[in-house]
Amino acid sequence: MLPPFDYFTYRRVRTIKRQERAARFASLPPDYHAPFTSADKRIVSEPIEELVQTVQEGTLSPVDVLRTYGKVAVKAQEKTNCITELLLPEAETWAQTEVNLKGPLAGVPVSLKDSIQVKGFDISLGYSRLAGKPYAEDGPLVKLLKDAGRLTIAGAVPYAKTALPVTLLSFESANALWGPCLNPHVPQYSPGGSTGGEGALLALGGRIGIGSDVAGSVRVPAAWSGIYSLRCSTGRWPKNGVNTSMAGQEGVPSVFSPMARTLNDLTYFTRSIISMKPWKYDYTVHPITWRSEEESEAKSKSLRVGLMATDGVIPPTPAIQRAVTTTAAALSAAGHQVVEITPPATADPFTGLHLASQLLNSDGCETFNSHFYSFEPSDPGAAQLSLIANLPRPLRYLYYLYVRYIRRDEKWATLIQSFGSKSAAQQWKLVAKREAFRSTWHAWWDAESQQYDFILCPVNATPALPHKAMKDAVSSCGYTFLWNLLDYTTGVLPVSHVDPKKDALTAPYKTVLKQLGANHALAQGAWKHYDASKMAGLPTAVQVVGRRWQEEKVLGYMAAVESALEKFHDPITGEGGKYPLIELD
């Protein structure tokens with residue numbers, strides 16, 4: 001059907017997909033809709049090593065484990081709308097016929113971002129145009145999980161595909177096809193994006209998830225939903241057998257990476273997958289074996305930590321500042337050295353944001369917009385990017401002059417001026433700048449005055465933002481996007497929750513930003529939604545940044561950070577202690 005009449009196709013497809021999903025949930029056996037039992041709670045809280053052992057010994061069947069996590073999915077969907085495609089009851093058949101139960105992931109249920117290929121199901125990505133086209137076979141990542149390739153033994157059971165934003169360029173996880181996904185702590189807020197459905201499901205009792213990250217898409221959901229994630233370097237984790245809104249975009253490569261409810265689960269799962277030689281399933285994976293000694297050393301030695309309390313672009317809001325300060329104090333109390341860093345002058349975070357934004361959208365936002373039917377709603381943040389990218393050059397230049405010289409906002413003006421479609425020659429020059437940027441950081445970190453084991457920094461300037469706030473905060477991604485540009489391994493772990501009194505602003509946000517020397521559009525777009533009273537109970541988190549291909553070390557560093565936080569208790573402020581997970585109802 002030709003535009004604009006294909007709008008009615010979008011409406012019809014949306015109705016069909018939502019009805020199909022509702023019918024799948026409604027048709028589940030009664031066990032899936034029953035209240036959680038003590039056995040369910042034990043399965044969800046049991047360390048993953050012990051859960052696998054009970055399945056291997058036959059004490060617990062993989063179907064029993066799957067039904068517990070099926071209950072989790074049912075209840076999480078009711079609370080947050082986090083599921084796109086429910087893989088039950090097919091998953092029960094896979095658990096009995098396709099899954100090898102002798103391996104390190106025997107019977108472990110795994111949820112997957114909607115973009116991952118599973119036989120018999122769509123990869124809609126939130127676009128109606130891509131719905132109703134189920135894949136004939138599993139992608140390499142799912143084959144690896146099930147061990148359908150019979151190379152090494154895995155035995156995990158995919159059971160749900162989860163929510164994301166249309167375009168995959170947002171810290172929301174909403175789209176017109178499936179509706180908005182809600183934060184598991186405060187439903188008026190986003191769970192993060194673009195792997196927000198995973199964040200919500202894992203926070204509410206899920207075990208293991210897999211998402212993708214091009215500018216923070218597994219890390220922001222972890223921070224905003226209160227779970228753990230690891231952004232792997234390119235080539236360390238399988239990425240073949242997926243679909244994306246921007247196929248061919250390699251200026252800032254997307255990476256698929258693990259997420260989990262606990263750090264123990266995250267570490268065990270990452271170690272298990274890499275130990276299974278995923279390069280035999282997926283040509284994109286580098287043959288780097290798991291280095292256990294690096295993980296052990298990282299969590300047992302005295303560490304030198306570089307503290308990047310702010311990126312110099314968008315200052316952290318009080319709740320995030322408190323999380324970072326608490327973590328730094330806990331590390332110091334545990335005997336580690338914490339030193340404030342000064343990033344390289346010619347490769348500072350704003351220069352990185354400017355470069356990365358041009359690389360990521362060098363097609364002028366054409367590709368991710370090409371999948372829409374007429375009048376099918378886009379993501380508010382992506383719509384803002386598209387508007388700027390598609391301004392005629394004379395108009396964009398006039399807008400730049402207005403922002404730069406009338407509003408006197410140099411940072412926002414700089415991003416506007418160069419945002420738009422690039423020629424092949426311009427793209428090559430940007431890639432050359434990216435490589436120079438990486439080289440500068442490599443030399444800086446190697447210098448004797450640095451020699452940090454890892455860098456500690458915020459994940460985002462704010463806790464979770466309200467729904468549709470990306471229209472204002474789309475550019476508030478520098479704390480994560482920088483490390484994508486550098487391709488550094490980065491982990492996220494929760495610290496605390498927003499406190500309405502401790503984290504309240506002392507003055508109107510514009511006044512505070514003026515005092516901090518950051519009263520520009522980038523900071524205002526994020527800070528305008530900050531309200532400690534409304535945000536009370538939302539998680540706060542920190543980011544642990546290692547260097548390229550240091551997954552083992554970063555997980556070890558995360559363990560050292562978590563241990564320090566659990567032992568730390570400030571007698572005056574009461575900060576510190578173990579992060580409390582959401583209990584099963």
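Residues numbered from 1 in each chain as written. Predicted model: local features only at pLDDT ≥ 70, side-chain atom pairs only at ≥ 80, totals over all residues. Heavy atoms only, no water.

For the protein, the name recorded in an unreviewed UniProt entry is amidase, with Emericella nidulans as its organism. Quoted verbatim from the Catalytic activity (unreviewed entry) heading of the UniProt record, the comment on the protein is "a monocarboxylic acid amide + H2O = a monocarboxylate + NH4(+)". Of the comments in the UniProt record for the protein, the one headed Sequence similarities (unreviewed entry) reads "Belongs to the amidase family." (UniProt positions renumbered as here; feature names shortened; annotations may be inferred.)

Along any regular strand the residues' side chains alternate between the sheet's two faces. Pairing geometry for strand β9 (residues 304-307) and strand β10 (residues 337-340), over 4 bridges, is parallel. Its bridge partner being in β10, G306 is matched across the sheet by V339. At this point the chain moves from β9, through helix α11 (residues 318-333), to the parallel β10, and the crossover so formed is right-handed. Examined bridge by bridge, β9 and strand β11 (residues 454-457) share 3 bridges and lie parallel to one another. Residue pairing in the sheet places L307 in a bridge with L456 of β11. (Pairing = 2+ DSSP bridges. Helix = DSSP H or I, 4+ residues; strand = E, 2+ residues; numbered from the N terminus. Right-handed = clockwise from strand over helix to strand, strands pointing away.)

This part covers the UniProt feature "active site" (unreviewed entry) in the protein. UniProt's entry tags K113, S194 and S217 with the feature "active site" (unreviewed entry), counted in the numbering of this structure. The greatest C-alpha distance among the residues just named is 10.7 Å, despite their covering 105 residues of sequence, which places them together in space. Residues from the named set that contribute to the lining of the largest cavity are S217. Take S194: it is sitting in the loop between β5 (179-180) and α7 (196-203). Judged by relative accessible area, S194 falls into the buried class, the value being 1%. Every residue in contact with S194, bar those within four places of it in the chain, is listed here: K113, A163, L164, P165, L168, S170, E172, S173, S212, S217 and P221. Position of S217 among the secondary structure elements: in the loop between β6 (208-213) and α8 (219-225). Overall, S217 belongs to the buried group, its relative accessible area being 4%. Not counting the four nearest positions on each side in its chain, S217 is found in contact with K113, L168, G193, S194, T195 and S212. (1 Å grid on protein atoms, 1.4 Å probe; cavity = no way out; pocket = protein on both sides within 12 Å on 5 of 7 lines; lining within 4 Å. Buried < 20%, exposed > 50% of the residue type's maximum accessible area, 1.4 Å probe, protein only. Contact = heavy atoms within 4.5 Å.)

Bringing the side chain of T270 into the picture now. Positionally, T270 belongs in helix α9 (residues 263-275). Within polar-contact distance, the side chain of T270 engages the backbone oxygen of L266 at 2.7 Å. Residues in contact with T270, not counting those within four places in the same chain, are L230, W237, P258, W290 and L555. (Polar contact = N/O pair within 3.5 Å; in protein donor to acceptor, adjacent residues only side chain to side chain.)

What follows deals with the packing of α9 against helix α22 (residues 551-567). Direction vectors running N to C along α9 and α22 enclose 165°, while the axes themselves pass 11 Å from each other. When the axes of α9 and α22 are compared, the pair comes out roughly antiparallel. Seen along the crossing, α9 lies across α22 with a hand that is left-handed. Of the residues in α22, those in contact with L263, L266, T267 and T270 of α9 are L555, M558, A559 and E562. In terms of residue class, the contact of α9 with α22 is made up of 5 nonpolar, 2 polar and 1 charged. (Axes fitted to C-alpha atoms, helices over the stretch in contact; angles between N-to-C directions. Parallel < 35°, antiparallel > 145°, perpendicular 65-115°, else oblique. Left-handed = near helix turned anticlockwise from the far one by under 90°. Nonpolar A, V, L, I, M, F, W, Y, C, P; charged D, E, K, R; others polar.)

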